[in-house]
Amino acid sequence: LTQCPAFPKTLNSVLEYINIVLTFLFMVEMLLKMLGLGLFDYFEDRFNQFDFFVVTASIIELSITGVGTGNGGSNLSALRGMRLFRLFKLARSWNSMRKILQTP
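Residues numbered from 1 in each chain as written. Predicted model: local features only at pLDDT ≥ 70, side-chain atom pairs only at ≥ 80, totals over all residues. Heavy atoms only, no water.

> When you look at the overall build of the protein in this model, what are you seeing that I'm missing?
The helix and strand tally for the protein stands at 6 helices and 0 strands. Beginning at the N terminus, the succession of helices and strands in the protein can be written as α-α-α-α-α-α. Burial statistics for the protein: of 104 residues in total, 22% are counted as buried. Sequence-distant contacts, at least 24 apart, represent 53% of the contacts inside the protein between residues at least 6 apart. In the structure as shown, the protein presents an accessible area of about 7,400 Å², 70% of it carried by carbon and sulfur atoms. (Helix = DSSP H or I, 4+ residues; strand = E, 2+ residues; numbered from the N terminus. Buried < 20%, exposed > 50% of the residue type's maximum accessible area, 1.4 Å probe, protein only. Contact = heavy atoms within 4.5 Å. Areas by Shrake-Rupley, 256 points an atom, 1.4 Å probe, with all protein chains shown as cover.)

> Please clarify how the nonpolar core should be interpreted in this entry.
As a rule of thumb, nonpolar side chains are buried together in soluble globular proteins. Counting 5 residues, the largest nonpolar core consists of Phe-26, Met-30, Met-34, Tyr-42 and Val-55. By residue number, the principal contributor to this core is helix α1 (residues 9-37), which donates 3 residues. For Met-30, the residues in contact, after removing those within four places along its chain, are Tyr-42, Phe-52 and Val-55. (Core = buried A, V, L, I, M, F, W, Y, C linked by side-chain atoms within 4.5 Å.)

> How should I be thinking about α1 in this particular structure?
In an α-helix, one turn spans 3.6 residues; hence positions three or four apart end up facing the same way. Taking 1.5 Å per residue as the helical rise, α1 with its 29 residues ought to reach 42 Å, and the 42 Å between its terminal C-alpha atoms agrees with that figure. Taken together, the buried positions of α1 are occupied by Asn-12, Asn-19, Thr-23, Phe-26, Met-30 and Met-34. (Expected span 1.5 Å × (residues − 1).)

> For this particular structure, what's the right way to read the packing of aromatic side chains?
Geometrically, a pair of aromatic rings is defined through the distance of the ring centres and the angle of the planes. Counted by the stated rule, this structure contains 2 aromatic pairs. Consider the rings of Phe-43 and Phe-52, whose centres lie 5.2 Å apart with planes at 80°: the pair is edge-to-face. With relative accessibility at 30%, the residue Phe-43 sits in the partly exposed group. The class of Phe-52 is partly exposed, set by a relative accessible area of 32%. (Phe/Tyr/Trp six-rings, centres within 6.5 Å; stacked < 30°, edge-to-face > 60°.)

Next up, the structure:
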């Protein structure tokens with residue numbers, strides 16, 4: 001978002017804050033599920049594997065942008081695209097969306 005010069009800085013700050021909060025909440029959820037189910041049972045479920053992949057990619061993206069200059073450039077565009085997978089993570093609880101995702 002910082003590549004667009006006309007993008008408001010306050011909106012960018014709000015979006016970055018929301019990204020950090022959501023990443024933290026998804027990470028806490030993942031860790032609680034790992035503790036509750038155990039690692040073997042946690043990784044047996046495909047959606048949990050997917051959750052792990054999305055959360056890990058989000059943490060990597062946050063750590064790189066936090067350590068770097070803040071703009072990230074095009075090197076992080078793939079990791080930033082991982083944020084879109086959160087929609088699938090949230091859709092897991094929606095029965096109708098779940099049926100659409102599971103159809104062959």
